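# Architecture at a glance
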Amino acid sequence: MTNSGGEPLGGSMWSSDPHVTDWANANGYGERQYSFDKLGIRQLRSDFVDNRRGLYLIECVNHEVYIGIGDDIAKRLPDHRTTHPDGKTFRFRPYDAPEPARREIEFQLVRGAQSAGLIVRNREHATGFLGVSTLDELITVDEQSEWLRNCAAVNESDTSALVDLDPSQLAAHHHDFERVLVHPRKREIFAALESYARACIPYPRRTEATFWTVSCYPKSNSARIFCVSMANVETFFVAVTEGSDRIQAVTFVDRRELPTTRVGRARMAMAGARLSPGGHRAGGSFEQRIDINDINDVPRVMRFAAVRRAAASHNLDLMRRRQSAYKSSHCRHLAAAALDLGVRQ
């Protein structure tokens, strides 16, 4: 452990960032730090025998921080040793109040830490991006019409820079992106998202992180590897298939653009796509789910003109309603990898 003077942890050369220490002291955590390991958690139990309810601050090896709350911090912290394996120390701020009050303090601390210049890994509460309020301010109506006529060609000609994201937004999702980097089918995963973005997302570089977002290993569904969302609707995701090596893809489209003849539906099936029940109330009355057998089939399905038009129309309609409701879950690393901006490894 470090002591109040900030001596190196465990005899190593690592020590807490003075900026983090000053902020922690000013916000009620005090100078006491614990090593982020079993020994440190055991020491916390010894120091606070009866009540360990409050807030905690984890400082990682690169001095990024994570702020959280718990009824018993000693029971809560072991979970974070998996999500933040590079954590070095933690601080404890006792706060014996009901959860709503602790949540409010957590919110204030996260925003305050960002304002003070700390890089915060929290997904909830942390601010993430700078963007515009309506699609027409970013892409003119004429540009939208041109895009619908020739989606892929227009997207290929767009070299816009991605919007700036707060460092905390990047830090919050880097660990999940690293899980993709070690996945045996990572190239196919990137290719599936790239094919979808190129064929079906209006100006994906210009609209990324504002009007469309992609979550990496979303916590809401353990089978999913990533999920693309627009407005408040998921539009494309890939997920592992239980008991199989397949990774299925699912996209949601405007069924009015799909073929209605038996021959047309047979061609879709040959490409690897099939109509499936299920959708979202917010997706509108014409939303249709399409299941794609495997991520290897996504590029071929996206070259199928009817599916491409159906997805493009659906996506543009969603974007015109509002910006993405899932900005805090957006993984820039995965989006940039799919858009081929030099992040692939």
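Residues numbered from 1 in each chain as written. Predicted model: local features only at pLDDT ≥ 70, side-chain atom pairs only at ≥ 80, totals over all residues. Heavy atoms only, no water.

## Notes on unusual backbone geometry
Even without a glycine there, the phi angle at His63 is positive, about 75°. The backbone of Ala231 shows a phi angle near 50°, a positive value even though the residue is not glycine. Looking at the element boundaries, Ala231 is found in the loop between strand E6 (224-230) and strand E7 (233-240). For Ala231, a relative accessible area of 1% puts it in the buried group. (Helix = DSSP H or I, 4+ residues; strand = E, 2+ residues; numbered from the N terminus. Buried < 20%, exposed > 50% of the residue type's maximum accessible area, 1.4 Å probe, protein only.)

## A short note on the packing of helix H6 (residues 141-149) against helix H13 (residues 305-321)
At a closest axis distance of 10 Å, the pairing of H6 and H13 adopts a crossing angle of 160°. The angle between H6 and H13 falls in the class roughly antiparallel. The way H6 lies across H13 gives a crossing that is right-handed. Contacts between H6 and H13 involve Val141, Gln144, Trp147 and Leu148 from the first element and Ala312, Ser313, Leu316 and Arg320 from the second. Taken together, the residues of the contact of H6 with H13 break down into five nonpolar, two polar and one charged. (Axes fitted to C-alpha atoms, helices over the stretch in contact; angles between N-to-C directions. Parallel < 35°, antiparallel > 145°, perpendicular 65-115°, else oblique. Left-handed = near helix turned anticlockwise from the far one by under 90°. Contact = heavy atoms within 4.5 Å. Nonpolar A, V, L, I, M, F, W, Y, C, P; charged D, E, K, R; others polar.)

## Things to note about helix H3 (residues 73-83)
The set of residues buried in H3 consists of Ile73, Ala74, Leu77 and His80. Down the axis of H3, the smallest arc covering the buried residues is 100°, so these residues share one side. Counted as exposed and oriented over 90 degrees from the buried face of H3: Lys75 and Thr82. Those residues of H3 that are buried are in contact with helix H2 (38-47), strand E2 (54-60), strand E3 (65-70) and strand E4 (87-94). Measuring from the side-chain oxygen of the N-cap residue of H3 to the backbone nitrogen of Ala74 gives 3.1 Å; that N-cap residue is Asp72. (Arc of directions from axis to C-beta. Polar contact = N/O pair within 3.5 Å; in protein donor to acceptor, adjacent residues only side chain to side chain.)

## Focus on the layout of surface pockets
In this structure, the second largest pocket spans a volume of roughly 290 Å³. Of the residues that constitute the lining of the second largest pocket, the class distribution is five nonpolar, nine polar and four charged. (1 Å grid on protein atoms, 1.4 Å probe; cavity = no way out; pocket = protein on both sides within 12 Å on 5 of 7 lines; lining within 4 Å. Points joined across faces, edges and corners; volume = space filled by probe spheres on them.)

## A look at the sheet that holds strand E10 (residues 287-292)
Read across the open sheet, the six strands follow the order E5-E6-E7-E8-E10-E9; overall the sheet is antiparallel. Of all the strands in the sheet, just strand E5 (212-216) and strand E9 (273-276) have a single pairing partner and so form its edges. Neighbour-to-neighbour, the strand axes of this sheet turn through a mean angle of 20°, independent of strand direction. Pairing geometry for E5 and E6, over five bridges, is antiparallel. Paired with Thr213 across the strands is Ser229, a residue of E6. Packed on one face of the sheet, H13 meets E5, E6, E7, strand E8 (247-254) and E10 and runs near 70° to E8. (Pairing = 2+ DSSP bridges.)

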